[in-house]
Amino acid sequence: MIKIEHVTKSFGRFKALDDVSLDLEEGRTISLLGPNGSGKTTLIKSVLGLVIPERGTIEVNGQRVKNNWQYRSHIGYMPQIGRYPDNMTIEQVLNMIKEIRREHTKYDNDLVEGFELKKIQHKTMRSLSGGMRQKVSACLAFLFSPDILVLDEPTAGLDPVSSEMLKEKIIHEQDSGKLILITSHVLSDLEGITSHIIYMQEGKPLFYKSTEELQEITGEEKLNRIIAHIIKGQQQALKKGKEHENHR
Amino acid sequence: MKTIVKYVFLDLIRNKTILVYTVILAALSISVLGFDSNTSKGLLSLMNISLLFVPIISILFATIYFFNSIEFIELLLAQPIKRQKVLLAEYIGLASSLSLAYMVGIGVPLVVLAPGAASFMLVSTGVLLTLIFSSFAMLIFVLFKDKTKGIGAAIILSLFFTILFDGLLMVFIYSFSDYPIDEVVVGILSFNPIDLARVLMLLKLDVAVLMGYSGALFKKFLGSSAGTIYSFSFLLFWVVLPLLLSVRVFKRKDL
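Residues numbered from 1 in each chain as written. Chains lettered and ligands numbered in written order. Predicted model: local features only at pLDDT ≥ 70, side-chain atom pairs only at ≥ 80, totals over all residues.

1. Some remarks on the overall build of chain A
Rule in force here: Runs of E in the DSSP output that reach at least two residues are strands. Runs of H or I that reach at least four are helices, and both are numbered from the N terminus. Radius of gyration: over C-alpha atoms. The globule rule applied is 2.2 Å multiplied by the number of residues raised to the 0.38 power. The exposure scheme places C-beta atoms from the backbone and then counts, for each residue, the other C-beta atoms within 10 Å of its own, assigning buried at 20 or more, exposed at 12 or fewer, and partly exposed in between. For the purpose of contact definition, each residue receives a C-beta atom placed from its backbone, and two residues are in contact when these atoms lie within 7 Å.
The helix and strand inventory of chain A stands at eight helices and 10 strands. Taken over C-alpha atoms, the radius of gyration comes to 19 Å for chain A, in line with the 18 Å a tight globule of 248 residues would show. Expressed as lengths along the three principal axes of its C-alpha atoms, the size of chain A is roughly 70 × 40 × 35 Å. The buried share of chain A, reckoned over its 248 residues, is 40%. Partitioning the intrachain contacts of chain A with sequence separation of at least 6 by distance along the chain shows that 70% fall at a separation of at least 24.

Below, the structure written as structure tokens:
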């Protein structure tokens, strides 16, 4: 569904993405993990066409991303920080995006109803709290039931009930054969919804494996334990390498 | 594209800063026109107020608005729509609401208190200046990544055109006063939209000769109608140039 081939992107001297090649297929919920500045957001933004890589190609459903905009009708995007024009109401924001994406006539209103946005639809965006704005962003991403969902830190500002509702929605969408790409720092939130994990480090994917595979390799059950196990192993390997060098 | 223009416009006409701007302009024009029975004088004062405040307020407000909308623009760019369209729609929505504020604040009192060709000229030059400086703001937005730096650039640019440019021109005229530099000065003036707007107004008010060097020059070299057409086309050029440049830069910008 999304094919990333040899993508490189640097900001000045800093290489945000370093020759990344990934194949993201449908029916998966893929978590993008990694420390700050490891290139997660840059990768997502490259797929959306917000960041233009200097080398490599990205294809979404067979369509090249570069100099193209039609492919984005297959994507729903939920940004990390949702800021909207101050005086727009929730209703106006929803209507605006609906009018932009005219080719869709059927709307998936599950989240709009779940979050009870209808009741407060005349409130202006300025008067909403961060979590409320996050809910609006989530609704916009799911509204057109796109084949691909890109969620950047979706549960960061949500209350537990809403967060749970969003998770259920994600699982539901995955079961109907969609591709979901999530970045998050809250590993416990990804528990039970993620089918695959990509771990990014210094602009490169360290590994891209299914959760079952990782559980087998590490012998751990929980997501945060798995990640900790791998990072520890890696650090030890690095240490050993250094000691080896020192001995010589 | 029309959709985005519509919603940006609807958002901005409820913006408090724009409302305050409209009210202040209206209060100024009513008091200035009511103060003196001589409408020509009143129009001159209004012109000076417009030439000073419209550029600075337009560019500052527009720059801040663009930088504050960056997350929203990102969300729009993630929708199936062309990049240029998003940017131009933001510009049109913003520039039209600022122009509307000017037309209501200055235009309505003028129509009531001093209808005539000169009033029409004042409103149209004010609107053109609004369009020009919002367009500069957009160029600043696409060139700078950082909001603070962008606002700094906006302040410097507007001060350059309102104050510094004329100062430099004076230095130039004084140091080359022994040479026939009249045509050159007319040429240089075309690089400052505020001067062009001033010339346009002065030609219309027929006080060109009284109002200093630039007005007299235009009158002498171009005559009223040719001078008007010349300044108008250059003002339009100043709207379009930053727009085209920013669309070009924006095509390759990383957000």
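2. Focus: the overall build of chain B
Counting its regular elements, chain B contains 10 helices and zero strands. Helices (α) and strands (β) of chain B occur, in sequence order from the N terminus, as α-α-α-α-α-α-α-α-α-α. Against the compact-globule benchmark of 18 Å for 255 residues, chain B has a radius of gyration of 19 Å, which places it among compact chains. Overall, the C-alpha framework of chain B stretches about 55 × 45 × 30 Å when taken along its three principal axes.

3. What about the pairing of strand β10 (residues 204–210) of chain A?
Residue and element names in this part refer to chain A. Basically, it comes down to this: When DSSP finds two or more bridges between a pair of strands, those strands are recorded as paired.
Of the pairings in the sheet, the one linking strand β9 (residues 196–201) to β10 comprises six bridges and is antiparallel in character. Residue pairing across strands places Q201 opposite K204, the latter belonging to β10. Where β9 hands over to β10, the hairpin turn is made up of two residues, of which E202 adopts a positive phi near 50°.

4. A look at the sheet that holds strand β3 (residues 29–33) of chain A
Residues and elements named next belong to chain A. Convention followed: Fitting a line to C-alpha atoms yields each axis, with helices limited to the stretch in contact; the angle taken between N-to-C directions then spans 0 to 180 degrees.
The strand order across the open sheet formed by six strands is β6-β7-β8-β3-β9-β10, and the pairing between neighbours is mixed. Because the sheet does not close on itself, it has two edges, and the strands there are β6 (75–78) and β10. Along the sheet, successive strands turn relative to each other by an average axial angle of 15°, direction set aside. Two strands pair when backbone bridges link them, and strand β7 (residues 148–152) and strand β8 (residues 179–183) are joined in this way by five bridges, in the parallel orientation. Its bridge partner being in β8, D152 is matched across the sheet by T183. Contacts between helix α1 (residues 40–48) and the sheet are confined to β3, β6, β7, β8 and β9, with β7 contributing the most and set at about 145° to the helix. In the packing of helix α5 (residues 160–175) onto the sheet, contacts are made with β3, β7 and β8, and the angle to β8 comes to roughly 145°.

5. Comments concerning the interface of chain B and chain A
As a reminder of what qualifies: Residues were grouped as follows: Ala, Val, Leu, Ile, Met, Phe, Trp, Tyr, Cys and Pro as nonpolar; Asp, Glu, Lys and Arg as charged; and all remaining residues, including Gly, as polar.
Tallying the contact residues gives 20 residues for chain B and 26 residues for chain A. Elements that contribute at least two residues to the side of chain B that touches chain A include exactly α1 (2–12) and α4 (70–77) of chain B. The dominant element in the side of chain B that touches chain A, judged by the number of residues it contributes, is α4 of chain B, at five residues. Residue composition of the side of chain B that touches chain A, by class: nine nonpolar, four polar and seven charged.

6. A few points about the confidence of the model for chain B
Note the following rule: A residue's pLDDT is the predictor's confidence in that residue, given on a scale from 0 to 100.
Of the residues in chain B, 93% have a pLDDT of 70 or more, and the chain-wide mean is 89. Across the interfaces of the predicted complex, the ipTM metric reaches 0.89, alongside a pTM of 0.91.

7. Quick notes on the pairing of strand β4 (residues 55–60) of chain A
All names here are of chain A. Note: strand β1 (residues 2–11) against β4, five bridges, orientation antiparallel. Residue pairing across strands places I4 opposite I58, the latter belonging to β4. Judged from the two bridges that link them, β4 and strand β5 (residues 63–64) form a sheet pairing that is antiparallel. Bridge pairing in β5 links V60 to Q63. Between β4 and the antiparallel strand that follows it, β5, lie two residues; N61 among them carries a positive phi value of about 50°.

8. Side note on the sheet that holds β1 of chain A
All names here are of chain A. Read across the sheet, four strands follow the order β2-β1-β4-β5 without closing on themselves; strand pairing throughout is antiparallel. Each edge of the open sheet is held by one strand with a lone partner, namely β2 (14–24) and β5. The sheet strands contacting α1 are β1, β2 and β4, and the helix crosses β2 at an angle near 60°.

9. Examining unusual backbone geometry
Residue and element names in this part refer to chain A. Even without being a glycine, E116 presents a positive backbone phi close to 55°. Relative to the helices and strands, E116 resides in the loop between α3 (110–114) and α4 (130–142). At E202, a position not held by glycine, the phi torsion is positive, near 50°. Mapping E202 onto the fold places it in the loop between β9 and β10.

10. Quick notes on the environment of L189 of chain B
Along the chain, L189 of chain B turns up in helix α8 (residues 182–189). With 108 residues separating them along the chain, L189 of chain B and I81 of chain B place their C-alpha atoms 40 Å apart.

11. Things to note about the packing of helix α3 (residues 39–68) of chain B against helix α7 (residues 147–175) of chain B
Each pair of packed helices can be summarised by the angle the axes make with each other and by the distance between the axes. Residue and element names in this part refer to chain B. Convention followed: An angle counts as roughly parallel when it lies under 35 degrees, as roughly antiparallel when it exceeds 145, as roughly perpendicular when it falls between 65 and 115, and as oblique in every other case. For any pair of crossing helices, the crossing counts as left-handed if the nearer helix is rotated counterclockwise from the farther one by less than a right angle, and right-handed if it is rotated clockwise.
Contact geometry for α3 and α7: axes closest at 10 Å, N-to-C directions at 165°. Here α3 is positioned roughly antiparallel relative to α7, judged by the angle of their axes. Where α3 crosses over α7, the two elements pack in a sense that is right-handed. Residues L52, P55, I56, I59, L60, T63, I64 and F67 of α3 touch α7, and the partners they reach there are K147, G150, I151, A154, L157, S158, F161 and T162. Its residues assigned to classes, the contact of α3 with α7 shows 11 nonpolar, four polar and one charged.

12. Side note on α1 of chain A
Note that an α-helix has 3.6 residues per turn; residues three or four places apart therefore point the same way. All names here are of chain A. Burial analysis of α1 places eight of its nine residues in the buried class, which makes it a mostly covered element. All of the buried residues in α1 are K40, T42, L43, I44, K45, S46, V47 and L48. Positive phi shows up at G49, right after α1, with a value of about 80°.

13. Observations regarding the nonpolar core
To keep things clear, this is the line we draw: As used here, a nonpolar core is made of buried Ala, Val, Leu, Ile, Met, Phe, Trp, Tyr and Cys residues. They are joined through C-beta atoms within 7 Å.
One finds V47, V93, C139, V150 and L181 of chain A together with A137 and A197 of chain B to be the most contacted residues of the largest nonpolar core, which totals 132 residues. Apart from the residues lying within four places of it in its own chain, the contact partners of A197 of chain B are L51, T125, L128, L129 and L235 of chain B.

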